[in-house]
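# Observations on the three-dimensional arrangement
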Amino acid sequence: MGQDTVRRVASTPLDDARVREFRDGFSGEVVLPGDLVYDRSRRIFNAMIDRRPAVIAQCQNVEDVARAVRFGRDLDLELAVRGGGHSVAGMAVTDGGLVIDLRRMNAVTVDPEARIATVAGGATMSDLDLATQPYGLATTGGRVSTTGVAGLTLGGGGGWLDRKFGLACDNVLSYELVTADGRRVRASEGDNPELFWALHGGGGNFGVVTSFTFRLHHLPSVTAALLVWKPEEGPRVARAYRDYMESASDEVGGGLIYVTGPPEDFVPEHLVGTLTCLAVITYAGGEEKAREAMEPMLGLGHDGEMIVELPYAELQCMLDDPPGHRNYWSAEYLASLPDQAVDVFCERAQDMIVPSPSQHALLPQGGAVARGRYDYPIPWRKAPWVVHPFGVWEDAADDERGRQWARDTRADMRPWSSGAVYLNFIGDEGEERVVAGLGRENCKRLAAVKRQFDPDNVFRLNHNIKPE
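Residues numbered from 1 in each chain as written. Predicted model: local features only at pLDDT ≥ 70, side-chain atom pairs only at ≥ 80, totals over all residues. Heavy atoms only, no water.

### Describing the pairing of strand 14 (residues 275–283)
How we decide: Exposed residues in this analysis have more than 50% of their type's maximum accessible area, buried residues have under 20%, and partly exposed residues fall in between, with area computed by a 1.4 Å probe over protein chains only. Runs of H or I in DSSP of at least four residues are treated as helices and runs of E of at least two as strands, each being numbered from the N terminus. Pairing between two strands requires that DSSP report at least two bridges joining them.
Most of strand 14 sits out of view: nine of its nine residues are buried. In strand 14, alternate side chains face the same way, and those of Leu275, Cys277, Ala279, Ile281 and Tyr283 on one face and Thr276, Leu278, Val280 and Thr282 on the other are all buried. Where strand 12 (residues 222–229) lies against strand 14, seven bridges are found, and the strand directions are antiparallel. Counterpart to leucine 227 in the pairing with strand 14 is alanine 279. In the sheet, strand 13 (residues 252–260) pairs with strand 14 via nine bridges, with the strands oriented antiparallel. Across the sheet, residue tyrosine 258 finds its bridge partner in strand 14, namely cysteine 277.

If you want it as structure tokens, here you go:
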């Protein structure tokens, strides 16, 4: 029978004998409270999350993962699975339970002839991008280098390249995972096809994914433009950007983002440290063609610019969100973006914490995202636009202000909402938002897959699908 999602702690004491038994034959490292590396090992990128697991199992291989799952179940420990540790809600760590830490399992193997990469479950996007870059190959992978491949892909996986190559999950050929009973299972179009379908957006509900096989695409370089305006120019620029993206080729991606002006050469001195309107335009190709494609935006009379052709792995690092800050994010996916919605979006930027690494983002979809398979449990792929308040700050005194800004932005954009949401962009916003992220009809089918592979809801520290 399915269990509810209430957090449980160990019902059996973790005595020395139990730990020794677990460690026997474990190839990685078992970290306990009191160990010198414990605090470092339990820390995730969101400093708002401070949880103390009873055990951290730093797995070296698949057998370690299976052993950790069985150990956690035997002791009735709540299981958290850590890949990149980028869940804003802190789903990669638990109080009083067991963290299955995959970070040592970060190998990437590339077959350049077949254009395929096999990626271990603990790899980050940087691991993947740096492995494929020497061959002039790439696949869609988020917008920062530190994101875990697993969490990104299992939630769907948008990114700078998604309009050209589709979502990250659209490029997965197969998955290998350890299920709640410690079994190793393969999922592909031919093996466990219902599980394969569920892993396209259903998150970490069905097991610990220890390996992904991705389709790769030819991409020797990309071009990025960062164009800077004073914040009061935002409504004019945002309208122009909306109109530009509606007819842009699939090679063009990016976003219109309000940020704190960084101390960079391309940012005018009077905008450094203050609210700034920034257009990020990416192009899947070289600079000459990129400049032609970007011409409508380049003619708007900006205050500063940087245009550079670079490897994709370097593009992924350009807007990395710093670790150790306090984070709160949300999102609203839009069915339309009329002038009134543009104005409301721009007005909400005034409430963002400045100075801070926060970003108030308007991101386009369309292209290969919209043309992807509609039967996958990712209903948000149909929306042409997303508003993403991405709150990042240092001082705990700003917590309420940062959270309220994100919530108010969502509320103000709701009149134009598509009703769907990318679950990787939000924290714990309630069961209805989980349904919105997966699709109401899809949820029934997902629950059936959950019953088959995790009937006791062992893997529930996620945007949870109950095995009902």
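### With respect to the nonpolar core
Going by this rule: To define a nonpolar core, start from buried Ala, Val, Leu, Ile, Met, Phe, Trp, Tyr and Cys residues and group those joined through side-chain atoms within 4.5 Å. By the convention used here, residues are in contact when the closest approach between their heavy atoms is within 4.5 Å.
Counting residues in hydrophobic clusters, the biggest one holds 76 residues, and the most contacted among them are Tyr175, Leu195, Leu199 and Tyr333. Dropping the residues within four chain positions of it, leucine 195 is found in contact with Leu177, Val185, Ala187, Phe206, Val449 and Phe453. Counting residues in each nonpolar core, the second largest holds 37 residues, with Trp229, Leu337, Leu362 and Trp405 among its members.

### Concerning the packing of aromatic side chains
Where we set the bar: Within 6.5 Å between ring centres, the rings of Phe, Tyr and Trp (the latter by its six-membered ring) count as paired, and their orientation is classed by plane angle as stacked under 30 degrees, edge-to-face over 60, tilted in between.
Counted according to the given criterion, the structure contains 13 aromatic pairs. Centre to centre, the rings of phenylalanine 212 and phenylalanine 214 are 5.8 Å apart; their planes meet at 20 degrees, and the pair counts as stacked. The residues phenylalanine 212 and phenylalanine 214 share a single accessibility class, namely buried. Chaining the aromatic ring pairs together yields one cluster made of Tyr175, Phe196, Phe212 and Phe214.

### Re the sheet that holds strand 9 (residues 184–188)
The following threshold applies: Geometry is summarised by axes, namely lines fitted to C-alpha atoms with helices restricted to the contacting stretch, and by angles between N-to-C directions that run from 0 to 180 degrees.
Reading across from one edge, 5-6-10-8-9 is the order of the five strands in this open sheet, with antiparallel pairing throughout. Two strands lie at the open edges of the sheet, namely strand 5 (108–111) and strand 9, each paired on one side alone. Each strand axis lies, on average, 15 degrees off the axis of its neighbour in the sheet, ignoring direction. As paired strands, strand 8 (residues 172–178) and strand 9 are joined by five bridges and run antiparallel to one another. The residue of strand 9 that forms the bridge with valine 178 is arginine 184. Lying on the sheet, helix 4 (residues 125–132) is in contact with strand 5 and strand 6 (116–120); it crosses strand 5 at an angle near 30 degrees.

### A word on the confidence of the model for the protein chain
Put simply, the test is: In predicted models, pLDDT denotes the confidence assigned by the predictor to each residue on a 0 to 100 scale.
Looking at the protein chain as a whole, the pLDDT averages 95, with 97% of positions reaching at least 70. Counting interchain partners and residues more than four positions distant, the pLDDT-below-50 stretch residues 1–12 has 34 contacts.

### Description of the environment of leucine 161
For leucine 161, the position within the fold is in the loop between helix 5 (149–154) and helix 6 (162–165). In this structure, the C-alpha to C-alpha distance between leucine 161 and leucine 310, residues 149 residues apart in sequence, is 14 Å. Ignoring sequence-local partners within four residues, the contact set of leucine 161 consists of Ala138, Thr139, Thr140, Gly166, Leu219, Val222, Ala284 and Tyr312.

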